[in-house]
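# A closer look at the structure
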Amino acid sequence: MVATFKIAVLGAQGVGKSAIVRQFLYNEFSEVCVPTTARRVYLPAVVMNGHVHDLQIMDFPPITAFPVNTLQVGEWADVCCRGLRSVHAYILVYDICCFDSFEYIKTIRQQILETRVIGTSETPIIIVGNKRDLQRGRVIPRWNVSNLVKKTWKCGYIECSAKYNWHILLLFSELLKSVGCARCKHVHTTIRFQGALRRNRCTIM
């Protein structure tokens, strides 16, 4: 088992990926949308099923393409992409009310599969449909997306609301199980967190 689980969060502008991360970390949400212009790295620790797990959550700004390699012309040529190819799991976020944001993560997922040759099959990808609170504005039926993602893409799929903190904890608990955390695999999905995760503090899962 790895000492630190590295997680990359990707998505188009305005889908709420940073809001998801901040809701998980600090139990807070802002109505003001601040575009992510640089990579942000968070180093929380969580306690799940009685065991501590260190996470490295990297919130990336929208990228034009997934880096093809780790050389100067790839991952390390753009500071915003550094560390993107070496993570243990990907969270790809789209806005359920924006078709273009789904097309964006569809493209990024395909690029991940095409460029991360080594270990790609073992690197979990979870597709997240954010803004469930705006359900009436949904542009693609949930069943269609879920069926595509789970049966065709072979990825995990979760819908959430960063605004109302709905399914945020479920997302990260499922993510831990997906990266092969042996102690997490048999934990029921209704894991309870006691208290909010703060800087230099742990959350009980």
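Everything numeric in this text was worked out from a predicted model, so none of it was measured.

### A closer look at the overall build of the protein
Secondary structure summary: the protein contains four helices and eight strands in total. Listing each helix as α and each strand as β along the protein from the N terminus yields β-α-β-β-β-β-α-β-α-β-α-β. In the protein, which comprises 205 residues, the proportion classed as buried is 49%. Taking as baseline every contact in the protein between residues at least 6 positions apart, the subset at least 24 positions apart corresponds to 66%. Element-wise, carbon and sulfur atoms account for 52% of the exposed surface of the protein, whose accessible area totals about 10600 Å².

### Thoughts on the pairing of strand β1 (residues 4–11)
Each regular strand displays side chains that alternate between the two surfaces of the sheet. With six of eight residues buried, β1 lies mostly within the body of the structure. Both β1 and strand β5 (residues 89–95) contribute to a ladder of five bridges, which runs parallel. Paired with I7 across the bridge in β5 is A89.

### Re the pattern of salt bridges
Taken as a whole and assessed by the stated rule, the structure comprises eight salt bridges. With its nearest N and O atoms 2.3 Å apart, the salt bridge here joins E28 to R22. Relative accessible area serves as the criterion here: at 35%, E28 is assigned to the partly exposed category. Judged by relative accessible area, R22 falls into the partly exposed class, the value being 29%.

Parameters and conventions
- Residues numbered from 1 in each chain as written.
- Predicted model: local features only at pLDDT ≥ 70, side-chain atom pairs only at ≥ 80, totals over all residues.
- Heavy atoms only, no water.
- Helix = DSSP H or I, 4+ residues; strand = E, 2+ residues; numbered from the N terminus.
- Buried < 20%, exposed > 50% of the residue type's maximum accessible area, 1.4 Å probe, protein only.
- Contact = heavy atoms within 4.5 Å.
- Areas by Shrake-Rupley, 256 points an atom, 1.4 Å probe, with all protein chains shown as cover.
- Pairing = 2+ DSSP bridges.
- Salt bridge = Lys/Arg side-chain N within 4 Å of Asp/Glu carboxyl O.

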